[in-house]
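# Coordinate analysis (summary)
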Amino acid sequence: MRRGTFWSWLWISLGALYFLLPLIGTFIFSLRARRDELSFAAYDSAFSDPRFWEAFGFSAMMAVFTVIVSLLITVPTAYWVQLRLPRLRPIVELITLLPFVIPAVVLVFGLIRIYSRPPLALTGAIFTTNLLLIAGYTVLSLPYMYRAVDTGLRAIDIRTLTEAAQSLGAGWPTIIWHIIFPNLRTALLSGAFLTFAIVVGELVLASFLARPAFAPYLAQLINNRAYEPAALTIVSFLITWACIGLISFFGQHRAGGESQLAGPR
Amino acid sequence: MAFLELTGVSKTFGQFKAVDNFNLQVDKGEFVSFLGPSGCGKTTTLRMIAGFEKPTSGRIVINDVDVTYKSPNQRNVGMVFQSYALFPNMTVAGNIGFGLKIAKTPAADVKQRVERMLELIHMPGYGGRYPYQLSGGQQQRVALARALAIRPQVLLLDEPLSALDAKIRVELRSEIRRIQQELGITTIYVTHDQEEALSLSDRIVVMSAGNIEQVGTPFEIYNYPRTQFVASFVGTLNQLHCEVVDAAQGLLRYHDQPLTTGAPIEFPNGAAVKVLLRPEELQLGNGHGHETNQLVGQVETVSFLGATVRVELSLNGSRLTMDLQNERQLQLPQVGQSYTVSFPPHACWVMPEG
Amino acid sequence: MAQIAQPEMREMPVSPVALRRVSWAWLGVVPFFLFAIAFMILPALSLISGSVQDRQGNFTLENIINLSQPFILNAYWLSIRISLVTAIGGGLFGFLLAYTVTVGGLPKSVRNGLMTFSGVASNFAGVPLAFAFIATLGRVGFITVLLKTLFNIDIYSAGFNLYSFVGLSLAYMYFQFPLMVLIISPALDGLKREWREACENLGGNSWHYWRYVALPILLPSLLGTMILLFGNAFGAYATAQALTGGSLNLVTIVIGAQIRGDVLNNPGLGYALALGMVVVMAISITGYSWLQRKTERWLR
């Protein structure tokens, strides 16, 4: 077809090799729990550890709350900025860039500095620390959530739709329920799944705020066990794949591949 | 001797025949338009001349050199794209001089040629601007200059004006023709806009579904269409379904009205034919409708178009469209009223039914 | 943008209805700003204030000056080095990969696979990634053992060590390549076919096209994304911590250690370190934005 296809296949094969070898290596390693035979024993062992369920459950729960908080903050903002307050756009976009400028370690440093002393001593109690954690996670996922919602609103030209609906006599509840949400569903789901993936894999905030999340659990497991971490690494990869896959599934034909970029580093 | 010659050129994409047996001879300095609806194969043919598509069969010869299988960068033809395709990272001068720079022309000569081109397109001093700083019409002029800078043997234009506003289109149209005539360069112009084709070309090639329908001067195409397609594609056309009464005398019958062409008809007596009439050759009157070449109809709509007034009449269940020339003292016909429509014999163009 | 808002407000009568409509909008964005202030701006400001205070709380620039200690400078230098290496390496190979599935003409299925995998890989970073590399290139890793048993090559005795600069860079590439692929692919898609044809038409070949048209057009995007990759690596913590256990003194690792305990013997210094990080990231983001805007302007 096009010239140079040999080189194209070469480079992509090298890339595939680089990406797949660690995964294959880990998978094979995870099957070696029992000497001299391949089995899923490591997986059994990992899943039968109650602390795994505790950690994963905790992270999943935090993820859900983060998604909710994130949506509550970003959706109205994106909506009103598009519809009525376009002057605020530069400021809002600057704020969504802040999480990039303030990496997780720096963020948690600052959060601890402010919120570990009275009068705002949030780190004293578990419940309030969890709240702080959710807030931190929301900060990390903010750029992606806002971008997803903003792109979604722009794609459906929310201003014109709202005006059309109003001229046909629709009130606000109708507009929100029948016009905004259905059209935004894809964008919201994208943002939600991405946030979920970020939160479940996040190490820095959870570990410095001493909360029993999945990533710190996995880190500790590496020190104590050999095969279970391999199994959980594969599981972690599959969960991330599922999240990204669901985003692609719900958001077909979306050109914004960037929306899938995130994650702990 | 033809300067550009296409012989038996065909192009098939899988099962789809885009161009079928295209034959054309173009003289040096001639301006030829390919006119037709979307999908008729005009752009594909142009791209084969440029070298971006290879013909499935046939030959293309430019200036006695067979270029059928030569790559695009060896043909020395200049192409102007519909979307301008200016290189966004280069200035106007950079774009225009690009072809010369690649050919390793000395910098001083490039500079001189670029300036000459800028003068030609009436944009002197624009050399330092970037494409994003120019309007659509300006970008297209630069694209033209870029194609001409390399002194191509043939200039190819692929619907260059369709992305522009109506007013700019008309201005730029005459610019293109002026430049073409000044340089005397052989030009192929692809368009679906008949007004462009009619006003610019020395000859028009009307195409439909991959085939050439007719080749001729604008006057010939408009007034003596050879096929049904050409007749209905170019300009507005009235069609009266008639029967030949006396072929030798040129007499026909439309329902119960007598018509005459004033010259012998090539179809036998009794044959079912169509008489084609252009709106501008019809005249409105208040007669009784009993004369030859006189029909009676009732006015349905009157549209004032400025220089012309378009009147639509209904008669015998079908519609007749006629154009009146505007003048201040004109009395617009009344909707609902009956008038006679008459026409001279030579306005009748007879074609077979079907 | 301001022009759109003003005429609307001028035309509307200043009635209670109009005021209410605009108030709803302002009310709607308040949570966002409150959140941003509470959890982003205040923490950042507190770090800045911490960095210019000494133990007693008096204003001092000493902490910032102390950033020039050898230990600190080495940390910054190490972070910069690894960020540069993975930004350039990641950028180049990522660009190549993106090229193969856009201009390079590989089938759509390969492209979809690459894009999806890139999305996954860039999220996989951190502990799982570190472990995957340990399981592959660690002392008893899959590849290490394979090379030893099949080809009798012992990479560790040849000097390779996963728990080092080289090993960490290799691991970082796992999320740098995908980031480049995802960001640069739209730019490669944006290369219009007509530019290539126009170039050919004017007598140029492939080399001319890339040298004079395609690469110059792509350069701002390429550079900008590499700068983004730099910032990305500079701020990374989890992968480094999980892989090297904190033995590599990157700036992020030092800050992490400082959070856990006063390893620098000077809390203010820790805050200054964090401030330095923010400055580097801010420069990186600004550079990226500026270059992106330049590209958009050209391709208007």
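If you're wondering where the values come from, they're calculated on a predicted model, not measured in any experiment.

Reading the values: the criteria
- Residue numbers run consecutively from 1 along every chain, following the written order of its sequence.
- To label them, take the chains in the order written and letter them from A, then take the ligands in the order written and number them from 1.
- Two thresholds apply to this predicted model, a pLDDT of at least 70 for residue-level local features and 80 or more for giving and counting side-chain atom pairs, whereas whole-chain, interface and lining totals are computed over all residues.
- The secondary structure listing takes helices from DSSP runs of H or I that are at least 4 residues long and strands from runs of E that are at least 2 residues long, numbered from the N terminus.
- To sort residues by exposure, count the other C-beta atoms lying within 10 Å of each residue's C-beta; 20 or more gives buried, 12 or fewer gives exposed, and values between give partly exposed, all with C-beta atoms placed from the backbone.
- Residue pairs are scored as contacts if the distance between their C-beta atoms, which are placed from the backbone, is within 7 Å.
- Asp, Glu, Lys and Arg are counted as charged, while Ala, Val, Leu, Ile, Met, Phe, Trp, Tyr, Cys and Pro are counted as nonpolar; the rest, among them Gly, fall into the polar class.
- When DSSP finds at least two bridges between two strands, those strands are taken to pair.
- Here the expected length of a helix is defined as 1.5 Å per residue gap, with one fewer gap than residues.
- Two axes enter the definition of the bend at a residue: one is fitted to the seven residues ending there, the other to the seven starting there, and the bend is the angle between them.
- Only the stretch in contact is used when fitting a helix axis, every axis being a line fitted to C-alpha atoms; angles between N-to-C directions are given from 0 to 180 degrees.
- Should an angle fall under 35 degrees it is called roughly parallel, over 145 degrees roughly antiparallel, and 65 to 115 degrees roughly perpendicular, with every other angle called oblique.
- In this scheme the handedness of a crossing depends on how the near helix is turned from the far one: anticlockwise by less than a right angle means left-handed, clockwise means right-handed.
- What pLDDT conveys is the predictor's confidence in a given residue, as a value from 0 to 100.
- Definition of nonpolar core: a set of buried Ala, Val, Leu, Ile, Met, Phe, Trp, Tyr and Cys residues joined via C-beta atoms within 7 Å.

## Considerations on the overall build of chain A
Scanning chain A for helices and strands turns up 11 helices and zero strands. Reading the secondary structure of chain A in the N-to-C direction produces α-α-α-α-α-α-α-α-α-α-α. For chain A, the spread of C-alpha atoms along the principal axes amounts to about 75 × 70 × 30 Å. Here chain A, with 265 residues, has 49% of them falling under the buried criterion.

## Focus: the interface of chain C and chain B
Taken together, the contact pairs 19 residues of chain C with 18 residues of chain B. Secondary-structure elements contributing two or more residues to the side of chain C that touches chain B are helix 9 (193-201), helix 10 (206-234) and helix 13 (267-298) of chain C. No other element matches helix 9 of chain C, which puts six residues into the side of chain C that touches chain B. Residues of the side of chain C that touches chain B, tallied by class, amount to eight nonpolar, five polar and six charged.

## Remarks on the sheet that holds strand 2 (residues 16-26) of chain B
As a general point, the strands of a sheet are linked pairwise by backbone hydrogen bonds and lie either parallel or antiparallel. All names here are of chain B. What the four strands build is an open sheet, ordered 2-1-4-5; its pairing is antiparallel. Each edge of the open sheet is held by one strand with a lone partner, namely strand 2 and strand 5 (65-66). Relative to strand 4 (residues 57-62), strand 1 (residues 4-13) is paired through five bridges, and the arrangement is antiparallel. Bridge pairing links Thr 7 to Arg 59 in strand 4.

## As for unusual backbone geometry
Residues and elements named next belong to chain B. One non-glycine residue, Tyr 84, lies in the positive phi region at around 65°. For Tyr 84, a count of 24 C-beta atoms within 10 Å corresponds to the buried category. A positive phi angle, close to 45°, is found at Glu 159, a residue other than glycine. Turning to its location among the elements, Glu 159 is positioned in the loop between strand 7 (154-158) and helix 5 (166-183).

## Some words on helix 6 (residues 126-155) of chain A
Residues and elements named next belong to chain A. Taking 1.5 Å as the rise per residue, helix 6 with 30 residues should run 44 Å; its terminal C-alpha atoms sit 42 Å apart, in good agreement. At Ser 141, helix 6 shows its largest bend, some 55°, and a proline, Pro 143, comes one to four positions later. Counting buried residues in helix 6 gives 22 out of 30 residues, a clear majority hidden from the surface. Taken from the residues just after helix 6, Asp 157 is the one with a positive phi, measuring 50°.

## Some thoughts on the interface of chain A and chain C
Taken together, the contact between chain A and chain C spans 77 residues of the former and 72 residues of the latter. Counting residues per element, the side of chain A that touches chain C draws most heavily on helix 1 (residues 5-30) of chain A, which supplies 13 residues. Looking at the side of chain A that touches chain C residue by residue, the classes come out as 53 nonpolar, 17 polar and seven charged.

## With respect to the packing of helix 3 (residues 107-120) of chain B against helix 4 (residues 136-149) of chain B
Residue and element names in this part refer to chain B. Interhelical geometry of helix 3 versus helix 4 gives an angle of 135° and a closest axis separation of 10 Å. The orientation of helix 3 relative to helix 4 falls into the category oblique. Classified by chirality, the crossing of helix 4 by helix 3 is right-handed. Contacts from Arg 113, Val 114, Met 117, Leu 118 and Leu 120 in helix 3 reach Ala 145, Leu 148 and Ala 149 in helix 4. When grouped by side-chain class, the residues that make up the contact of helix 3 with helix 4 number seven nonpolar, no polar and one charged.

## Observations concerning the confidence of the model for chain B
Of the residues in chain B, 99% reach a pLDDT of 70 or more, and the chain-wide mean stands at 91. At the level of chain-chain contacts, confidence expressed as ipTM amounts to 0.85, with global pTM at 0.81.

## Describing the nonpolar core
Formed by 249 residues in total, the largest nonpolar core has its most connected members in A:Val106, A:Val108, B:Leu156 and C:Ala274. The element best represented in this core is helix 8 (residues 165-189) of chain C, accounting for 15 residues. Residues in contact with B:Leu156, not counting those within four places in the same chain, are B:Leu46, B:Ile49, B:Ala50, B:Val77, B:Gly78, B:Met79 and B:Ile188. If you look at the next biggest cluster of nonpolar residues, it comprises 18 residues, including B:Cys242, B:Val273, B:Leu277 and B:Val311.

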